[in-house]
Amino acid sequence: MQNNNLDQKSINALRFLSVDMIEKANSGHPGLPLGAAPMAYTLWTKHLNINPTDQHWTNRDRFILSAGHGSALLYSLLHLSGFNLSIDDLKQFRQLNSKTPGHPEYGVTEGVEATTGPLGQGLGMAVGMAMAETHLAAQYNKPGFNIIDHFTYVIAGDGDLMEGISHESASLAGHLQLGKLIVLYDDNSVSLDGPTNMAFTDDTPKRFEAYNWQVLHVANGNDPVEINAAIEAAKQNTTQPTLIDVKTVIGFGAPNAGTNGVHGKPLGDDNMAATREKLGWDYAPFDIPDDVRQDFETNVKQRGIASEEKWQTMLEDYSTKYPELVAQFFQGFKPVCLDLDMPASHVGESESGRNTSQRIISTISEQLPSFWGGSADLFSSNKTNVKTAEAFEPDDQLGKNVWFGVREFAEAAAVNGMTLHGGIHAYASTFFVFSDYMRAAIRLAAIQRIPSTFVFTHDSIAVGEDGPTHEPIEQLMSFRAMPNINVIRPADINEAIEAWRIAIAATETPSMLVLTRQNLPTLPGTDTLATEGVQRGGYVLSPAKGATPEGILIATGSEVQLALAAQAQLREAGRDVSVVSLPSFELFDAQPAEYREQVLPSAVTNRVSIEMGTSYGWEHYVGLQGKAIGINNHYGESGKPDAILKQFGFTADNVVATYLKAFSKTDTLA
């Protein structure tokens, strides 16, 4: 490749289309587009294999702008490359309900592969995408048929590489030898508040070398020839991910280039004029020369169309030779309704939530080749490994058990990346209390409306001797407060089966399965009621004897058995109550009002909830007159589980006493 005038003209077109957006919106980040346009242009026109007329092409390269505040640059690339993003859309940058929001949003803008902006998570998701590519290639590629053969590219900035997730994710990628992951590091030594050396004096290249990455250097970030050579070299290394350290000038061409003053606010009229003069750009705002448009048409769009056509021809031949494999391959890109015929447990037989889940995971794995996931160094505790499968490692990329290591945040981000890549039904697991380390990635899964699955065990103070650091209190309610996520806490094996069915069949909602360490009995009635009941989020597990109950006991998970025991004692005392199992607030609240009224009749105000966590939020179901048995203003304790449960009042006797104290006989409808 030789540098030419059209290259420079196209680079400047990207720069000015981006800053024109920012100026019109009077909001945005011009520094990254001005500085990183040469690397973005070189990558997209010389290497990136995408088809703007088919954004879902399976074997496309993935591009992630991890430094999502530079979104104007991505929108410029998408527009010029021929995606469904018009000049009018660009003029609506950062406006309400536009296709060009302030940070890239998956599902909002065609061609955006992941929602980015929370720094570091783009890199974390890219690692998951590269893992998915590697695993699927090992499963389905045959001699002469590389139906999965693509790269994952990232542009990351200083802020991305400061974030803790970058350390976790880079370490994991290096260990797994993800040779098709290439990160272009926009190394401009400036962050929002000022020079990075005020807080960040790492030798970043050395750090990545220590993680087993190949590190390449581009001394002049404005030289597309040097950038192109580095990308070419990166693609040749199939056993290491590559970091290309590209030295750039933030806000290149602007009067305040090289300073934080150009990072996150519009240039203004005077500086815009000066930048245009400095870079020799004589075109009006949003005016793109025809030869620049043709450059992108030829080198991105038409090249991508030709690549997909060639791939489709190969796929047709592959389908003839391996029809069962191709059907299986595409099944991985769809939601799945599985027939989970688990061995029935008899009423009273006990099994922990985690052991039940392991049996379910094994069953799913037998039926669904795309099912794949792992744990944060807790397979022996979470029970989320497939016993008959091997570990996913550089020398066994077919392995289904991912050893994520003690890297919870990177684990969750990687599972999001696997899900976004497609072809994978992915899950992550750890102790429930450590879900806090994953929270930002779980939130991003919910925002992106992707069906990632998060499996959490050791769900309560019944963890016992490990004490308050390992006993979740506030986590359940805090995740229930997060929009677009199904938090499911099953009471026994039958509810757990349904919880997994919901997770695997999901299309736009992540699922969180919250499971016990301790054994739970198989409860009377769940064998027939749980199938529909869990799908609806809640159901009457044990009705009152009379037509209308005088009260309702509502519980989730391991506490449902307490509610049933308390119901029996209350009947002996002449008090007729029903028991409601409410494994998922979100699913229950989505039901028609008529169904919710059947389960929780509004006329019945004598209500007690039972859950081993904070009770804040339970007033939604028990009302102002009801009582919530929970844990407020306190963490757990270290001790024998039975002793802890008794101390915190999670006994049938205390449930009965709470009900009787709160509701006199005259309060009832009887």
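For the structure given in this document, a descriptive report is provided here. Remember, it's a predicted structure, so these values are computed and weren't measured experimentally. (Residues numbered from 1 in each chain as written. Predicted model: local features only at pLDDT ≥ 70, side-chain atom pairs only at ≥ 80, totals over all residues. Heavy atoms only, no water.)

**Some thoughts on the pairing of strand β17 (residues 607-610)**
Then, in step 1: Alternating positions in β17 separate into two faces, Arg607 and Ser609 on one and Val608 and Ile610 on the other, with burial throughout.
Then, in step 2: Strand direction decides the pairing type here: β17 and strand β18 (residues 627-629), joined by 3 bridges, are parallel. Residue pairing in the sheet places Val608 in a bridge with Lys627 of β18. (Buried < 20%, exposed > 50% of the residue type's maximum accessible area, 1.4 Å probe, protein only. Helix = DSSP H or I, 4+ residues; strand = E, 2+ residues; numbered from the N terminus. Pairing = 2+ DSSP bridges.)

**Quick notes on the nonpolar core**
Then, in step 1: One finds Met131, Leu181, Trp213, Ile442 and Met512 to be the most contacted residues of the largest nonpolar core, which totals 71 residues.
Then, in step 2: A per-element tally of this core places helix α5 (residues 121-140) first, with 11 residues.
Then, in step 3: In this structure, Leu181 is in contact with Ala126, Val127, Ala130, Thr152, Val154, Ala173, Trp213, Pro241 and Thr242, ignoring residues within four places of it in sequence.
Then, in step 4: Listed in part, the 68 residues of the second largest apolar core include Ile461, Trp500, Ala530 and Val608. (Core = buried A, V, L, I, M, F, W, Y, C linked by side-chain atoms within 4.5 Å. Contact = heavy atoms within 4.5 Å.)

**Looking at helix α20 (residues 560-572)**
Then, in step 1: Helix length check: α20 (13 residues) gives 19 Å between terminal C-alpha atoms against 18 Å at 1.5 Å per residue, within 8%.
Then, in step 2: Every buried residue of α20 is accounted for by Val560, Leu562, Ala563, Leu564, Ala566, Gln567 and Leu570.
Then, in step 3: Of the surrounding elements, those touching the buried residues of α20 are β14 (539-542), β15 (551-555), β16 (577-581), β17 and α25 (652-662). (Expected span 1.5 Å × (residues − 1).)

**Quick word on the sheet that holds strand β3 (residues 181-187)**
Then, in step 1: Read from one edge of the open sheet, 5 strands run β1-β2-β3-β5-β4, paired in parallel fashion. The open sheet terminates on both sides in strands that have one partner only, identified here as β1 (62-65) and β4 (214-218). Across this sheet, the average inter-strand angle for adjacent strands is 20°, counted without regard to direction.
Then, in step 2: Examined bridge by bridge, strand β2 (residues 152-157) and β3 share 6 bridges and lie parallel to one another. Along β3, the bridge assignment pairs Val154 with Val183. (Axes fitted to C-alpha atoms, helices over the stretch in contact; angles between N-to-C directions.)

**Regarding unusual backbone geometry**
Only a minority of non-glycine residues have a phi that is not negative, and only a minority of peptide bonds are not trans.
Then, in step 1: With a phi close to 65°, Ser189 is a non-glycine residue in the positive phi region.
Then, in step 2: Unlike most non-glycine residues, Asn633 shows phi in positive territory, near 55°.
Then, in step 3: Looking at the secondary structure, you find Asn633 in the loop between β18 and α24 (641-647).

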